[in-house]
Every structure is written in C-alpha cells, then in structure tokens.
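Chain by chain, the residues run as shown.
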Amino acid sequence: MTRPLLNRRLDGFGTTIFAEMSALALRTGSINLGQGFPDTDGPEEVREAAVRALRDGRGNQYPPGPGVPELRTAIAEHQSNYYGLEFDPDTEVLVTAGATEAIAAALLALVEPGDEVIALEPYYDSYAACIAMAGGTRVPVTLRPEDSRFVLDLDELRSAVTDRTRLILLNTPHNPTGTVLTRPELAAIAELAVERDLLVVTDEVYEHLIFDGEHLPIAAFPGMRNRTVTIGSAGKTFSFTGWKVGWVTGSHDLVNAVRTVKQFLTYVSAGPFQYAVAAALRLPTSYFRDLADGLRAKRDLLSAGLTEAGFGVFRPAGTYFVTTDIRPLGATDGFDFCRSLPERCGVVAIPNAVFYDTKERGTPFVRFAFCKRTEVLNDAISRLKQLRS
Ligand SMILES: *Cc1c(COP(=O)(O)O)cnc(C)c1O
C-alpha cells in the first residue's frame, strides 16, 4: 500500500502533547499542571441531580436529538439572565457532546473546501484538526505579548480577511493566554464581520472563569445575532469535564446547520447528565461568583509563585491557565524545558508552541494550569523554586 492510511487532511495531527506529558507526569511522579482539568468535582447537589436522573430513568435511553427540553430551556434562560440574549429553546439551542463536538459540528457544517477560517493563534488544538477535516484553510492571527497581556492586533485581523474568508473562530476568555477580549475589541471584530459578511463561531467555555473585566458574548453586538454560533460547556463552569455536556446557541438557521452535522456524529449523548446540567445552570449567582473568586485566589497564588521561581508571568484575566516566559530562567525552548522539568523539579507543564502554526512565535512560552487544590499548587510552587538554585 503506497497510500498513507490516515486521511491526508489529517497529516501532522499525531498524538496530542497532553498524552505525552501526562504519561511523563505519571512515570516521574510529578505534579501535573499540564492538562486543564480540576482535581475536585463540582457541586454535590449537581452530582446528586445526575444520580437522581439515572435512578429515575430520565435520560437512560436516547434523549431527543437537540437535547432534553429541561436543559435547552435552562441554557436559553442562562443566556437571557447573564447577557440579555434571547433564544428559542426549541429552535435556537442545541445540546452537544461537550464543546468539542460543538466546534466540530459547527466547522463541518459551515466550512467548505477552499474556505478560509481565521483563528486566533495560539489556539485550542481541536480547531486546527476540525478546520482540516472540513477541508478549510486556517489563517492564524497571532496574539502578541505586550507588557503582561497577549493582545489581538485588529489591523492584522482586518488584513487577514480575503474574499475566501468564511468565518472567524473566536475564543474568549482565551486558552492558553488567559486574554479576555474587551468591548472595543469585540465591537471592532463585529463591525468587520458585518462589513465583510462573515460568520463567527465563538468558543466561550470559560465565560464564568473571569478575574478581571467581564465576559461579553459577541452575539450581543449589533448585527451579530444572526451570524454567530456561540458555544458553551458545563465541563469548565461546573467542574465536570468528564460529563461532556456542551451546547450551541444561535439563529434558527445556524443551529439547524450545526444540528444537521451533529446528528451524524454522536446523535445524542450524556442523557442523565443533561438533567443535572439543567439544575446546575439554575444554581444561584453566588455559585458562579464563588467559582471565579476561588480561581482568582489560585491564579494569584500560582502567578506569584512562578514569578518568585524566576518565570516571566502573563497574569490571565480569565480561564484557569497561566502562560509564562521561560527566558528569564535562561531557557529558550519550551519543548526542551517541559520535557526536562519533571526530572529537574517534579512538575509538568505544556509548551505553548503546540498551539501555534508558526512554532517560533510560541517557543519561549509555557502554560501551567491552576485548577488544582491549594496544597497541590503550594507543593508545585516549592518544587519550582528549585529552578532558581
Ligand atoms: C476544554 C476546552 C474545550 C472542550 O470542552 P468540552 O466541553 O470538554 O468538550 C473547548 N474549547 C476550549 C478553549 C477548551 O479549553
């Protein structure tokens, strides 16, 4: 056989770095601040709601294709209560197998071969793979480090748009940089989308993990409601990343397009968990505030520890990741640095270069997750301080 087994569209998409680094953590007994999942579960009452649904036989058989009505209604209420966005739960809300499936279904539905998709670089690893599966061409617009924040250059974004541009893929709060797009930035992106008649797919899974500023959904900007697919997820907001309950909101036409693909990917998923997430979305606002407050304290703890250990630190405004610059430690290559870090001090991190097309732009940056128990973070910090000696 001369033809490669793997579909050529997926050339270069080997095993993710997360698998390599998590295996390294296990082998060396290191603290894993690489992959972003919490080391404690979400609210007990939400877990109990899942148990109840399972026992009561709700969702144990195929739930409705678009998601159970209780959850679709709760999602619509959430968008209305938090952002003043009104969606019809019957036609403008779709439940997916995590945000991951929502991203895949949206891109496969909206992108044709030859279409260009603009994505903010560095980007979440599934974006590139899904654009490739759709046969699209990705056009990265790189967030540049400026003082203590990674910044979007709006002129660069504007000049990246061509006649072949189909959509802009946004992510705010942004993984891995922790940047939260501001009102003026989002207004400019919205104006550009309207002017050039572009769709926007926006990954907002960290919408409630905000420490400075506020989360603004681009769907709420003038002219955007009917050209935006908004993606959310219970994984990050409620600390149940294993449940894989995500959702899409948007106009009837957009949601219908995404659903057309989604029905042939998983059809449905996570039946009983859908009822539990409906309950979770109705938790009092204090839950969401406490979540952000708790993570803000962890951000401050890890940021201070990393600074003391000698890293350059980009303090994130959102998400549960902090990006660092390793050059003040005398290192230059994030890959080498992350491969040797477990032996040197028993901590695992992720080299940001994996999130770049132009690897050189991400070479000196390394990402740490802080969604871990305080004692784990303190232990990691004291280990990292050995780098100074
Ligand atoms: C974690 C993450 C996802 C995946 O969300 P799931 O609901 O677990 O599929 C999507 N986008 C970003 C930016 C993420 O960090």
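Residues numbered from 1 in each chain as written. Predicted model: local features only at pLDDT ≥ 70, side-chain atom pairs only at ≥ 80, totals over all residues. Heavy atoms only, no water.

- The name given to the chain in an unreviewed UniProt entry is Pyridoxal phosphate-dependent aminotransferase, and the organism recorded there is Streptantibioticus ferralitis.
- The Cofactor (unreviewed entry) field of the UniProt record for the chain holds the comment "pyridoxal 5'-phosphate". (UniProt positions renumbered as here; feature names shortened; annotations may be inferred.)

### Considerations on the overall build of the chain
- From N to C terminus, the chain includes 14 helices and 15 strands.
- The C-alpha radius of gyration computed for the chain amounts to 21 Å, which stays within 12% of the reference 21 Å derived for 389 residues, consistent with globular compactness.
- When its C-alpha atoms are laid out on the principal axes, the chain stretches across 60 × 55 × 50 Å.
- The buried share among the 389 residues of the chain stands at 57%. (Helix = DSSP H or I, 4+ residues; strand = E, 2+ residues; numbered from the N terminus. Rg over C-alpha atoms; globule rule 2.2 N^0.38 Å. Buried < 20%, exposed > 50% of the residue type's maximum accessible area, 1.4 Å probe, protein only.)

### Describing helix H4 (residues 98-110)
- When the terminal C-alpha atoms of H4 are compared, their 19 Å separation across 13 residues agrees well with the 18 Å that a helix rising 1.5 Å per residue should span.
- The buried count for H4 comes to 10 of 13 residues, which makes it a mostly enclosed element.
- Regarding H4, the residues found buried are Gly98, Ala99, Glu101, Ala102, Ile103, Ala104, Ala105, Ala106, Leu107 and Leu110. (Expected span 1.5 Å × (residues − 1).)

### Some remarks on empty space enclosed by the protein
- Under the defined criterion, the tally for this structure stands at 2 cavities of 30 Å³ or more.
- Counted as a void, the largest cavity has a volume near 40 Å³.
- Along its surface, the largest cavity is lined by Pro63, Pro64, Gly65, Gly67, Val95, Thr96, Ala97, Lys262, Tyr267, Val268, Ser269 and Gln274.
- Sort the elements by how many residues they give to the lining of the largest cavity and strand S2 (residues 93-97) lands first, with 3 residues. (1 Å grid on protein atoms, 1.4 Å probe; cavity = no way out; pocket = protein on both sides within 12 Å on 5 of 7 lines; lining within 4 Å. Points joined across faces, edges and corners; volume = space filled by probe spheres on them.)

### A few points about the sheet that holds strand S8 (residues 199-203)
- Spatially, S2-S10-S9-S8-S7-S3-S4 is the arrangement adopted by the 7 strands of the open sheet, whose pairing is mixed. Here the strands that pair on one side only, and so sit at the sheet edges, are S2 and strand S4 (137-142). Between one strand axis and the next, the sheet turns by 25 degrees as a mean value, whatever way the strands run.
- Of the strand pairs in this sheet, strand S9 (residues 228-233) and strand S10 (residues 245-249) are connected by 4 bridges, and their pairing is antiparallel. When the bridges of S10 are listed, Gly232 appears paired with Trp247. (Pairing = 2+ DSSP bridges. Axes fitted to C-alpha atoms, helices over the stretch in contact; angles between N-to-C directions.)

### Topic: the site of the ligand
- The local shell around the ligand holds 13 residues, among which Thr100, Asp203, Tyr206, Ser233 and Lys236 are the closest.
- Contacts to the ligand include Asp203, whose side-chain N or O atom sits 2.6 Å from a nitrogen atom.
- Of the residues forming the shell around the ligand, the biggest block, 4 residues, is contributed by H4.
- When the residues that make up the shell around the ligand are grouped by side-chain class, the tally is 5 nonpolar, 5 polar and 3 charged. (Near = heavy atom within 4 Å. Polar contact = N/O pair within 3.5 Å; in protein donor to acceptor, adjacent residues only side chain to side chain. Nonpolar A, V, L, I, M, F, W, Y, C, P; charged D, E, K, R; others polar.)

### Focus: the state of the cysteines
- Enumeration over the complete set of coordinates arrives at 0 disulfides.
- This cysteine, Cys345, is not joined by any disulfide, and Cys338 carries the nearest cysteine sulfur, 11 Å off.
- Cysteine Cys371 shares no disulfide, and the gap to the nearest cysteine sulfur, in Cys338, comes to 16 Å. (Disulfide = S-S within 2.5 Å.)

### What about the nonpolar core?
- In this structure, Phe368 and Leu384 are the most contacted members of the largest nonpolar core, which totals 129 residues.
- The greatest single-element share of this core, amounting to 8 residues, is contributed by H4.
- What Phe368 contacts, discounting residues up to four positions off in sequence, is Leu33, Leu302, Leu306, Phe311, Tyr320, Phe321, Val322, Thr324, Leu341, Val347, Ala349 and Leu384. (Core = buried A, V, L, I, M, F, W, Y, C linked by side-chain atoms within 4.5 Å. Contact = heavy atoms within 4.5 Å.)

### Structural notes on the UniProt feature "domain: Aminotransferase class I/classII large" (unreviewed entry) in the chain
- Taken from the UniProt record, the annotation "domain: Aminotransferase class I/classII large" (unreviewed entry) applies to residues 31-382.
- Measuring from the first to the last C-alpha atom of residues 31-382 gives 12 Å, for a span that is 42% helix and 18% strand.

### With respect to the pairing of S4
- Pairing of strand S3 (residues 116-121) with S4 involves 6 bridges; the strand directions are parallel. Paired with Ile118 across the two strands is Val139, which belongs to S4.
- This β-α-β element, S3 to helix H5 (residues 125-133) to S4, shows right-handed connectivity. (Right-handed = clockwise from strand over helix to strand, strands pointing away.)

### A closer look at the packing of helix H2 (residues 44-55) against helix H10 (residues 271-281)
- The contact between H2 and H10 brings their axes to 8 Å, and the two run at 145 degrees. Remark: the crossing between H2 and H10 carries right-handed chirality. Residue-level inspection shows Val46, Ala49, Ala50, Ala53 and Leu54 of H2 in contact with H10, the latter providing Pro272, Phe273, Tyr275, Ala276, Ala279 and Ala280.
- Split into classes, the residues belonging to the contact of H2 with H10 amount to 11 nonpolar, no polar and no charged. (Left-handed = near helix turned anticlockwise from the far one by under 90°.)

### What about a nonpolar patch on the surface?
- On the surface, Leu108, Met133 and Leu265 cluster together into a nonpolar patch covering about 230 Å² of accessible area.
- Relative to the helices and strands, Leu108 resides in helix H4.
- Owing to a relative accessible area of 31%, Leu108 belongs among the partly exposed residues under this scheme. (Patch = residues over 30% accessible without salt bridge, like charges linked within 9 Å, V, L, I, M, F, W, Y side chains within 5 Å. Areas by Shrake-Rupley, 256 points an atom, 1.4 Å probe, with all protein chains shown as cover. Salt bridge = Lys/Arg side-chain N within 4 Å of Asp/Glu carboxyl O.)

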